[in-house]
Amino acid sequence: MEKEILSVEFRKLLKKDVIKHTRSWDPVVRNNWAIKFSVYKGFILLLFTSIITGQTVIRYFNDEDNACQFINYILSRDASDELLP
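Residues numbered from 1 in each chain as written. Predicted model: local features only at pLDDT ≥ 70, side-chain atom pairs only at ≥ 80, totals over all residues. Heavy atoms only, no water.

**Q** Would you mind going over the side chain of serine 50 in detail, with residue names and values included?
**A** On the secondary structure map, serine 50 appears in strand S4 (residues 43-50). According to the relative accessible area criterion, serine 50 is buried, its value standing at 2%. Every residue in contact with serine 50, bar those within four places of it in the chain, is listed here: Asn32, Trp33, Gln55 and Ala79. (Helix = DSSP H or I, 4+ residues; strand = E, 2+ residues; numbered from the N terminus. Buried < 20%, exposed > 50% of the residue type's maximum accessible area, 1.4 Å probe, protein only. Contact = heavy atoms within 4.5 Å.)

Put into structure tokens, the structure is as follows:
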């Protein structure tokens, strides 16, 4: 029982931390990709969804340059093609 109480308390603390330290922006659409961008304590979360196929790609980065390279890679791809088999 005590373990469950600690687990609930930990989840509450984690939720507060995520809310406090996350910045997020509205999605944008480019080249038929809907792109959502968020930052949590310096970590970058990118979420891409093809508005044609619904295929979704999610990636985390701790380096802004790598995140920018990945954005450019996705935007160079045809949103109607599958990225992963």
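**Q** Give a detailed account of the pairing of strand S5 (residues 56-61), specifying residues and quantitative values.
**A** Where S4 meets S5, six bridges bridge the pair, whose relative direction is antiparallel. The partner of leucine 45 across the bridge, within S5, is tyrosine 60. Hairpin geometry of S4 and S5 is characterised by an intervening segment of five residues between the two adjacent antiparallel strands and by a positive phi of about 85 degrees at glycine 54. (Pairing = 2+ DSSP bridges.)

**Q** Explain the packing of aromatic side chains residue by residue, including any values.
**A** One pass over the full model with this rule turns up four aromatic pairs. Look at phenylalanine 61 and phenylalanine 70: their rings are 5.7 Å apart centre to centre, the planes differ by 45 degrees, and that puts the pair in the tilted class. When its relative accessible area of 16% is taken as the criterion, phenylalanine 70 is described as buried. Among the aromatic residues, those joined into a cluster by ring pairs are Phe48, Phe61, Phe70 and Tyr73. (Phe/Tyr/Trp six-rings, centres within 6.5 Å; stacked < 30°, edge-to-face > 60°.)

**Q** Mind laying out the environment of glycine 54, listing which residues take part and the relevant values?
**A** Mapped onto the elements of the fold, glycine 54 is located in the loop between S4 and S5. Given the relative accessible area of 43%, glycine 54 is considered partly exposed.

**Q** Any chance you could break down helix H2 (residues 64-76) for me, citing the residues and the numbers?
**A** Taking 1.5 Å of rise per residue, the 13 residues of H2 would be expected to cover 18 Å, and the 18 Å separating its terminal C-alpha atoms lies within 8% of that figure. Three or more residues of H2 are buried, namely Ala67, Phe70, Ile71 and Ile74. Down the axis of H2, the buried side of the element spans an arc of 105 degrees, and every buried residue falls inside it. Of the residues in H2, the exposed ones pointing more than 90 degrees away from the buried face are Asp65, Gln69, Asn72 and Ser76. Contact partners of the buried residues in H2: strand S3 (33-40), S4 and S5. Looking at where H2 begins, the residue whose side-chain oxygen comes 2.9 Å from the main-chain nitrogen of aspartate 65 is aspartate 63. (Expected span 1.5 Å × (residues − 1). Arc of directions from axis to C-beta. Polar contact = N/O pair within 3.5 Å; in protein donor to acceptor, adjacent residues only side chain to side chain.)

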